There are 2 protein chains.
Amino acid sequence: MAIGRSPSVKDVAASAGVSLGTVSNVMNRPEVVSPATRERVERAMAELGFVRNESARQLRAGTSRTLAYVMLEGSNPFFHDVAAGIEMAAEDSDLSLFICNSNGRSGREEVHLDRLMQQRVQGILITPVDPGARHLADIAKRGIPVVIVDRVGEGGAFCSVAVDDVLGGRIAVEHLVEQGHTRVAVIGGPESIGQVRERLEGARQVWAELGMKPDDLTYLPTSEMTVAEGRSAGERLAGLPARRRPTAAFCANDLLALGLLQQAIGAGLRIPEELAIVGFDDIEFAAAAAVPLTSVRQPRQELGRAAAGLVLDEATNPAHEHQQLTFVPELVARASTVARARSY
Amino acid sequence: MAIGRSPSVKDVAASAGVSLGTVSNVMNRPEVVSPATRERVERAMAELGFVRNESARQLRAGTSRTLAYVMLEGSNPFFHDVAAGIEMAAEDSDLSLFICNSNGRSGREEVHLDRLMQQRVQGILITPVDPGARHLADIAKRGIPVVIVDRVGEGGAFCSVAVDDVLGGRIAVEHLVEQGHTRVAVIGGPESIGQVRERLEGARQVWAELGMKPDDLTYLPTSEMTVAEGRSAGERLAGLPARRRPTAAFCANDLLALGLLQQAIGAGLRIPEELAIVGFDDIEFAAAAAVPLTSVRQPRQELGRAAAGLVLDEATNPAHEHQQLTFVPELVARASTVARARSY
DNA sequence: ATCGGCGTCTGAAACATTTCAACCCGCCCC
DNA sequence: GGGGCGGGTTGAAATGTTTCAGACGCCGAT
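Residues numbered from 1 in each chain as written. Chains lettered and ligands numbered in written order. Predicted model: local features only at pLDDT ≥ 70, side-chain atom pairs only at ≥ 80, totals over all residues. Heavy atoms only, no water.

In the nomenclature of an unreviewed UniProt entry, chain A corresponds to LacI family transcriptional regulator from the organism Winogradskya humida.

**Side note on the overall build of chain A**
For the record, the criterion: For helices the rule is a DSSP run of H or I covering at least 4 residues; for strands it is a run of E covering at least 2, with both sets numbered from the N terminus onward. Each residue is placed in one exposure class: buried if its accessible area under a 1.4 Å probe, protein chains only, is under 20% of its type's maximum, exposed if it is over 50%, and partly exposed if it falls in between. Note on definitions: a residue-residue contact is assigned when non-hydrogen atoms from the two residues lie within 4.5 Å. Only the protein chains shown count as cover for residues, and the accessible areas themselves come from Shrake-Rupley with a 1.4 Å probe.
In terms of helices and strands, chain A carries 13 helices and 12 strands. When its C-alpha atoms are laid out on the principal axes, chain A stretches across 90 × 40 × 30 Å. The proportion of buried residues among the 344 residues of chain A is 53%. Put simply, of all contacts in chain A between residues at least 6 apart along the chain, 68% involve residues at least 24 apart. When the accessible area of chain A is evaluated, it comes to approximately 14600 Å², of which 50% is carbon and sulfur surface.

**Describing the UniProt feature "domain: HTH lacI-type" (unreviewed entry) in chain A**
Test applied: UniProt positions are given in the numbering used here, feature names are shortened, and annotations may be inferred rather than shown by experiment.
The feature "domain: HTH lacI-type" (unreviewed entry), as annotated in UniProt, sits at residues 7-61 of chain A in this numbering. Taken as a whole, residues 7-61 of chain A contains 71% helix and 0% strand, while its terminal C-alpha atoms sit 20 Å from one another.

**A few points about the nonpolar core**
As a reminder, the rule being used: Throughout this description, the term nonpolar core refers to a set of buried Ala, Val, Leu, Ile, Met, Phe, Trp, Tyr and Cys residues connected via side-chain atoms within 4.5 Å.
In this structure, A:Tyr69 and B:Tyr69 are the most contacted members of the largest nonpolar core, which totals 152 residues. Apart from the residues lying within four places of it in its own chain, the contact partners of A:Tyr69 are A:Phe79, A:Val82, A:Ala83, A:Ile86, A:Leu97, A:Phe98, A:Ile99, A:Cys100, A:Leu125, A:Ile126, A:Thr127 and A:Val149. Counting 34 residues, the second-largest nonpolar core is a separate cluster that includes A:Phe98, A:Cys100, B:Val51 and B:Met117.

**Observations concerning the interface of chain A and chain B**
The following threshold applies: We define a salt bridge as a contact between a side-chain nitrogen of Lys or Arg and a carboxyl oxygen of Asp or Glu at a distance within 4 Å.
On the side of chain B, 46 residues touch chain A, which itself brings 47 residues to the contact. Where chain A packs against chain B, one counts seven salt bridges. Note that B:Glu91 and A:Arg108 form a salt bridge whose closest N and O atoms lie 3.0 Å from each other. Those elements giving two or more residues to the side of chain A that touches chain B turn out to be α4 (54-61), α5 (77-92), β2 (96-101), α6 (106-118), α10 (227-238), α11 (254-266) and α12 (284-288) of chain A.

**A short note on helix α8 (residues 165-178) of chain A**
Residue and element names in this part refer to chain A. Basically, it comes down to this: Every helix has an expected span of 1.5 Å times one less than the residues it contains. We call two N or O atoms a polar contact when they sit within 3.5 Å, provided that within protein one can donate a hydrogen and the other can accept it, with sequence-adjacent residues counted only if both atoms are side-chain atoms.
Along its 14 residues, α8 runs 20 Å from first to last C-alpha, staying within 8% of the 20 Å computed at 1.5 Å per residue. When we look at burial in α8, the residues that qualify are Asp 165, Gly 168, Gly 169, Ile 171, Ala 172, Val 173, His 175, Leu 176 and Val 177. By the N-cap criterion, in which a side-chain oxygen at the helix start approaches the backbone nitrogen of a residue two or three places on, α8 is capped by Asp 164, the distance to Val 166 being 3.2 Å. Looking at the residues trailing α8, positive phi occurs at Gly 180, about 95°.

**Describing the relation of the copies chain A and chain B**
Just so we agree on the cut-off: Copy-to-copy superposition: least squares on the C-alpha atoms, limited to residues that have pLDDT of at least 70 in both copies.
Between chain A and chain B, which share one sequence, the superposing operator has a rotation angle of 180° and an axial displacement of 0.0 Å; the RMSD is 0.1 Å. Each copy turns onto its partner about a two-fold axis. Closest approach to the rotation axis among the C-alpha atoms of chain A is made by A:Ser55, whose C-alpha sits 2.3 Å away. Taken as a fraction of all interface residues of chain A, those also at the interface in chain B reach 98%, which identifies the copy contact as same-surface.

**Comments concerning the side chain of A:Arg300**
All names here are of chain A. Assignment of secondary structure puts Arg 300 in helix α13 (residues 300-316). At a separation of 2.3 Å, a polar atom in the side chain of Arg 300 contacts the side chain of Asp 81. Setting aside chain neighbours within four positions, we find Arg 300 in contact with Phe 78, Asp 81, Val 82, Asp 281, Asp 282, Ile 283 and Glu 284.

**Some details on the protein's contact with DNA strand C**
Rules: If even one non-hydrogen atom of a residue comes within 4 Å of a molecule or strand, that residue is called near it. Residue polarity follows a fixed list, in which Ala, Val, Leu, Ile, Met, Phe, Trp, Tyr, Cys and Pro are nonpolar, Asp, Glu, Lys and Arg are charged, and the others, Gly among them, are polar.
DNA strand C sits among 24 residues. The nearest are A:Ser19, A:Thr22, A:Thr37, B:Val9 and B:Arg60. Here the atoms of DNA strand C within 4 Å of the protein split so that 69% fall in sugar or phosphate, with bases taking the remainder. One nitrogen or oxygen atom from the main chain of A:Ser19 is found 2.8 Å from a phosphate oxygen belonging to DNA strand C. A:Ser34 is positioned with one of its backbone polar atoms (N or O) 3.0 Å from a phosphate oxygen of DNA strand C. Those elements that provide at least two residues to the surface near DNA strand C are α2 (20-28) and α4 of chain A together with α2 (20-28) and α4 (54-61) of chain B. Per element, the largest residue contribution to the surface near DNA strand C is five residues, and it comes from α2(B). Grouping the amino acids of the surface near DNA strand C by side-chain chemistry returns nine nonpolar, 10 polar and five charged.

So, in structure tokens, the structure goes:
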């Protein structure tokens, strides 16, 4: 029913017997219009079911009321938690948040960014496939605020918010060594992912510094950061000769760790006695695993919140300077590494 | 750098020495413009770094190129999988997808819907807090296509795509009875959530039909559908006197089931021998739990895809008729109910 | 009386695009 | 050589909002 285009300011103005400008004022600066007319206009709006046309507003204003987040992997709850943090901040500034998912593919990422530019979003938050990509630099050059999330931008060309991944890798492996492990596996990949590279790097660093034998740190590469790949890594681990087999594993994210955990339990291993496992991210399901997972916590929502703050600053503050925020990761020890850890 | 507003069609036209209309044609109907001019215009666009202003396009065209999905609970991966399905369909039609999250609160839902109307989205997909809510009906009355996802709309006022929740509850409990259980717990809540109501309803139906004693079906209500509530239900379960204590539980979603599972294992119960567990949704983490979880699978992405199809039909096909699509849920038996189930 | 100022309201311009009727020009056909 | 045709291009109108310079009426002060 109720067919026909939706009513415009003009219709409201006619119905209330005032001019266009007045209707606009009622919406945007109610204090300048007399209570009587305001009331009349508001009634007219309600009667006609008027809904402001955001495209027109935006066209005239030149700026939209939305932020966008392009996440790296929709299947990893970590990114949804980051998004939730951004959303809260956006909400506080009365902005909408547009969420996209590049799924790790640079092509999709570019398509999304293109669309976002067409929409003239106020700012773009992104966990990029490659922080050095041309299309990112191009956007920034246009003057659109871009903030890199969970990676640090190259050469300070962008604001960024991240956790110190090298440090994260360090504390994870340090913890395992403290628990008495002398043979450790590090699991993750592909190394084209910056986060992976740095976490593994941290692991190697601290391994060397603690004076452990280089050969006793086994790297098991994966092709993705998924539960399935974690299981597969578990199988490879089990295939190693007993005397060389690691007694603990550090996985570059929780999805891998969860897969490994499941495979290990299925194979009858006792956790953590026969295999200790540390993950990364501390997603909600890490604590909820049947053997609660020790993990390197990133302040997920905080990350998002801070990133939103930076993008807003860049959008509104003329004196804005790019900054690289780094959060400190924190080890959350649970039963997957400590025999009788209190679990939550 | 590169300050100043971004170039418009007019600038491109000037730079290429043609009229506005021609530039527009290059973008929208390239076949009507001669290869030579087209080439010239395209070069000008590239040089100036022209990006079409979507607001202006939309204002003139009266219609946007975006769909929206308002999900019920951002913390439940199930909805993200539905969203992924929608996104694929949107992609096929060259539409963008705007994702919002009401977090179960009717107020947020309304705010989001309001914004979406202002943006003149092509259609709205929503898993509503309450499918009977006024604001939903209002939107539909305006002629904006609305499709209810994972619930069926009341009185056929909307298109909807859902799984037969009653049937889902039936097959879950039927499965438990087949495994020889005679005392079963059903866990979920609050009952204000329609999905919960129907799943429990199905459970009760089949329990009666199979001639089981009504008193042997224990209902443990929860205040939310979260992992934490699942654990708490587990504690209440453990508190029941042994002779009345159920030997199996049907949880209204996987998050609850995961929490219950974890609590039970922590308490030293053997799964499924001492407690069998069935969840609902079959989210990815269900299979990845340390004791892989038996669950009632909903075709998550399919749900989203189908919903997108309906909303598009309603948006473009004048002869559109509302329809209620119902998918059939499917039991996926894993180790949490069947002692030596193959796990994946 | 005149003036200034204030509170309220108006009307038109501007935003960037799409669409459409009209136009131009060269060509072919009669 | 005139008429018609059709491909290519133009120019202007239209979309719904915001903004801004001004108009209007009224009051108090000069």
